[in-house]
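# Chain and residue survey
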Amino acid sequence: MATSLRALSALTLSLTLTAVGLGGPAPARAGTPLPDLGLLHEGRTPAALTGGAALRPNTASPALTDGQYVVRLREAPVTSYAGGKSGLAATEPAAGQELQPHSAAAEKYRAHLSEAQRDVLDDLGVKARQTYTTAFNGFTAKLTGAQATTLAEDPRVAAVSKAQVVKADAAALGSPSRTAATGPKTTPMPGKGSGVVVGVIDTGIWPESASFAATMPAPKGWHGTCQVGDGFPASACNGKIIGARYFADGWIEMAGGLPDGEILSARDMQGHGTHTASTAAGLPVAHAMVLGRDLGKISGVAPDAQIAVYKALWGGSGTDADIIAAIDAAVADGVDVINYSIGNAMGDYQPNSPIGNAFLNAYLAGVFVAASAGNDGMSGMISNAEPWVTTVGAAVERANEATVRLGDGTKIVGASMDVLPARGRTPIVFADRAGSTEDGAQFCLGGSLDAAKIKGKIVACDFDSAAGAVEEVKAKGGAGVVLFQTAGNVRLNVIYDFPAVYLWSTEQAGQIFNYLWAHRDDGTATLTTGGDTSSVAGLPSVAGLSSYGPDQMHTGLQKPDLVADGVDVVAAVSPMAGGRLFDAYSGTSMAAPHVAGMAAILRAQHPGWSPGAVASALRTTAGDTKGTSSPLRQGSGLPLVSRATDPGLVAEPTAASLTAFASAATPDGKELNLPSIALREYDGLHPVVVKRSFTNVGGRTETYRARVEGLSGMDVTITPETFTVRPGATATVTLKLARGTATWDRYTTGSLILTGAQHRVRLTVAARPWGLTPRPYDDTGLEFGRVGGLGQGYLEPGFTGPLAARTTGYTPVTWTDKQLSTTVTGGSFFPGGVGTQGTRIVVPSGTAGLIVQTASDDPNKNLDLYLYKDGKMVERSWAFWHSNERIARFFPEPGVYLAYVHAQSTDTAEVPYRLGVTTVAADGNRRNATITAPPEVTRGGSGQVTVNPVGPQPDQEQWAYTEFRTGRTVVPGLLISSR
């Protein structure tokens, strides 16, 4: 299947009954060159909105090369040392006690660790760049590949890791213009995090903000400092900001110096750290002023809590060496909660990372860690997925809708946080009409537009840089901007101080492009604030930018744990990031501090609760979003601190179980006593038994009844179904889960509900019986792992046992010669739009496979293929470089489908192509092929399947369905092509 990195989003259509050319202007005359807009030209990807993180490092080669390394030694750090060495008392806190990081015992043990580190370094003949002892025992150093290899084999060393780069998990469409704003000083509201310190590891802080303008005494147990630096005096730490440090050694070693615009201090030059700090624990501000507009009252979640700043990001990026130093310092300083809105692009790429190990020791020392899930918007791409971290995805809690009403009456509901003028119909022009496409006018690149052609008009820009496009239109006298991307992007807002409406989906891009293509010089539009609520699945809902589960690095974990407000969040920022003191940011970066603030409130109300108890209380009392109830997307759901303060029961893992998890080569979390159950790859032939222990943190004895909701097709036995637990006591519930009729190799989800007289406790459950295709992702793109070619396929069985195979035999592809007309090359797809043709396909019940393909022998044409059902896109296949697209659906829902072919790039107005359609019946037997398969399989092994033709075969591609039986159980297999 031809694929690309273009973002996926849903489209709509009207069904047609025959193969037709669907709309658009009249075809160009023969011989007339087609205009080439290049909206999806090769190499162009959607504008970077995620802030994401560094590209995933190459994990294929184990070779250790020259560079900077993080080295972890085997002895426990101060947080986790349980004693046992002569003359060195234990330093780990006892159950219910706080870490004493600067006690005599801790300092003595710290000296021992430092001496041991020096011994290792001296033996190697190198010097450490940074050393760590509190939450991590180790150092960073510049090593040759040979030195790194030697260290990796040293029995004193636990792990040697090449230093990596991480980034802030904020999303932004563009950089705002510079305008100053101020806010009044306020006093904190009582009872919301008082006495608790939230450590923020980020880009620093803007201490003059009204969100931090309060004097507070140092809380008990605080050991931190206010590290002065460039533009950051000691007076910047006023008590609300209780401490500040910065960590740049790792970055300077890797990059050679600070990025442009950065200064060597804890002062925030980016805005991200100020935003996360003020979201978690900022003071109430009566009037958040942005560009002269009053966006109303804002407040941090825990306004009484105090903030400790640990700047480890420089220009929005940082190294794990500096991050670990920040964690080490935060734990030693005495923070209660850490917010970590930082992650890896495309999610975590290794278990037991150095940062993860440091956070484990912070957790064991009593520090709650909230971290962002990532902004890749895809399944399995979760950052910060360790079980001791509360991983937070982003939710949409406000629509901020705006409507583009086109001259033909079409309404497109997008988003805007700008003031849209109350004016009637205004001329609208696609930007390619206002300048040269060779200069990038269609993208509204800087300097590309002709002022005379856009003055007083709304300009539609298929932007590369949203901020750049707005500035170009504004500078040239345009009346407004409609921003879109042909490939679609994620839903969020930027305040531009100019009439701007953002359309984020491919459907919306196609709508406006095709209208403007049909109205090259007479288009009109009206931009209005508000919409019809159609732009979101419901409020609140999971944001499209939010990375979601399952976690690809570990089985047995549900990630994210929670979702929280993460789109268009208004909070304090640094004026150095655009001249504003408050602004709206989006991303899982903005969601994590909401949970950090809630944790601060719970820690203040329940100082004896462990980080695990706090996490459990937030999760078991959380509620579903309106857009989904799937724990793969929302985790346990949206937390509500008013419910979490009295959860009834909590489930938390033991320190020993977490330490064992961290030490495992392939950790599996299903046995951890977490407030969720995740069975990503379990043997569907045998039941799975899991246990959860619940501690009564309430003040009265209570009887609970256990039941299951959802989990369609699963047989669940709960023992005991009813139990009584006294205050402070613990009860254990055993669940036996068997596949029943649940579909193989697909997820079924639900909840375990414990109901008492006063409390309701919910543990979300996601289970996927592994038949023949393990899957670290969700159930989108079901053909993944289900398609073979050249008559062969490969099984990855999730069970052990005998195997009997059958095949339907080969069904030939039905190819039809087609031709569509277009007036543009490089346009934008929309059902019914220019250069698009739809073909109706009927899929009967009992179909095991639907395969739709396009083919063209002309290298100058690039076709894209879209499959729809019931007005919504099912799947698409689009490559920049050819026209041989393919969509394969495994056991598709029966009904009427439409296959749309779009001439994305062509050199002629008439575009011939071939459309191939194959439907393979699950119970068919064409008797033209046999199957060869292994007689037995082993869980986690592999097996080759071959479909062998029998008798004469047509000279064309054919498809077969294969199915397998083990004992009395039938397991669906693969779709296999003869070519």
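So, a few notes on the structure that sits alongside this text. Treat the numbers as computed from the prediction; the structure is a model and nothing was measured.

For the peptide bond that leads from Leu 539 to Pro 540, omega is -5 degrees, which places it in the cis range. Position of Pro 540 among the secondary structure elements: in the loop between strand E23 (524-529) and strand E24 (541-542). The phi dihedral of Cys 444 is positive, around 55 degrees, even though this residue is not glycine. Within the secondary structure, Cys 444 is located in the loop between strand E19 (426-430) and helix H7 (451-454). We classify Cys 444 as buried; its relative accessible area is 1%. In the Ramachandran plot, Thr 533 falls in the positive-phi region, its phi being about 70 degrees despite a non-glycine side chain. Within the fold, Thr 533 resides in the loop between E23 and E24. Relative accessible area serves as the criterion here: at 59%, Thr 533 is assigned to the exposed category.

Within the secondary structure, Gly 789 is located in the loop between strand E37 (787-788) and strand E38 (792-795). Gly 789 gets classed as partly exposed once you look at its relative accessible area, which sits at 29%. Note: C-alpha distance between Gly 789 and Tyr 69 (720 residues apart in sequence) is 43 Å. Apart from the residues within four sequence positions on either side, Gly 789 is in contact with Ser 977 and Arg 979.

Before going further, it helps to examine the sheet that holds strand E44 (residues 847-855). Strands pair in a sheet through their backbones, by hydrogen bonds, and they do so in one of two ways: parallel or antiparallel. Reading across the sheet, the 4 strands line up as E42-E49-E44-E47 and stay open at both edges, with antiparallel pairing between neighbours. Every interior strand has two partners, whereas the edge strands, strand E42 (814-821) and strand E47 (886-890), have only one. Here the average twist between neighbouring strands, direction ignored, is 15 degrees.

Positionally, Gln 442 belongs in the loop between E19 and H7. Take Gln 442: its relative accessible area is 4%, and that puts it in the buried class. A distance of 2.7 Å separates a polar atom in the side chain of Gln 442 from the backbone oxygen of Leu 37. Residues in contact with Gln 442, not counting those within four places in the same chain, are Leu 37, Leu 39, Phe 430, Ala 431, Asp 432, Ser 436, Thr 437, Cys 461 and Asp 462.

Here we come to the nonpolar core. Counting residues in hydrophobic clusters, the biggest one holds 53 residues, and the most contacted among them are Ile 205, Phe 232, Ile 307, Val 337, Phe 368, Val 595 and Leu 618. No other element matches helix H10 (residues 588-605), which puts 9 residues into this core. With sequence-adjacent residues up to four places away left out, Val 337 is seen in contact with Val 196, Val 197, Val 198, Gly 199, Val 367, Phe 368, Ala 596, Ala 599, Ala 600 and Arg 603. With 47 residues, the next largest nonpolar core counts Tyr 132, Ala 168, Trp 388 and Leu 674 among its residues.

All right, on to the state of the cysteines then. All told, the structure shown has 2 disulfides when counted by the stated rule. Across a sulfur-sulfur distance of 2.0 Å, Cys 444 and Cys 461 are joined as a disulfide pair. Judged by the sign of its S-S torsion, about -80 degrees, the cystine formed by Cys 444 and Cys 461 is left-handed. Residue Cys 444 is located in the loop between E19 and H7, and its partner Cys 461 is located in strand E20 (residues 458-462); the two are separated by 17 residues in the primary sequence. Owing to a relative accessible area of 0%, Cys 461 belongs among the buried residues under this scheme. Counting only the cysteines that take part in disulfides, in the order they occur along the protein chain, gives the pairing 1-2, 3-4.

What follows is about the pairing of strand E49 (residues 910-921). When E42 meets E49, the two strands line up antiparallel, connected through 8 bridges. Looking at E49, one finds that Thr 814 is bridged to Val 917. Summarising the sheet, E44 and E49 pair through 8 bridges and their orientation is antiparallel. Considered in E49, the bridge of Gln 853 is made with Gly 916.

This part is about helix H6 (residues 354-364). A large share of H6 lies buried, amounting to 10 of its 11 residues. Buried within H6 we find Pro 354, Ile 355, Gly 356, Asn 357, Ala 358, Phe 359, Leu 360, Asn 361, Ala 362 and Tyr 363. Just beyond H6, the residue with positive phi is Gly 366, at close to 100 degrees.

Definitions and limits used
- Residues numbered from 1 in each chain as written.
- Predicted model: local features only at pLDDT ≥ 70, side-chain atom pairs only at ≥ 80, totals over all residues.
- Heavy atoms only, no water.
- Helix = DSSP H or I, 4+ residues; strand = E, 2+ residues; numbered from the N terminus.
- Buried < 20%, exposed > 50% of the residue type's maximum accessible area, 1.4 Å probe, protein only.
- Contact = heavy atoms within 4.5 Å.
- Pairing = 2+ DSSP bridges.
- Axes fitted to C-alpha atoms, helices over the stretch in contact; angles between N-to-C directions.
- Polar contact = N/O pair within 3.5 Å; in protein donor to acceptor, adjacent residues only side chain to side chain.
- Core = buried A, V, L, I, M, F, W, Y, C linked by side-chain atoms within 4.5 Å.
- Disulfide = S-S within 2.5 Å.

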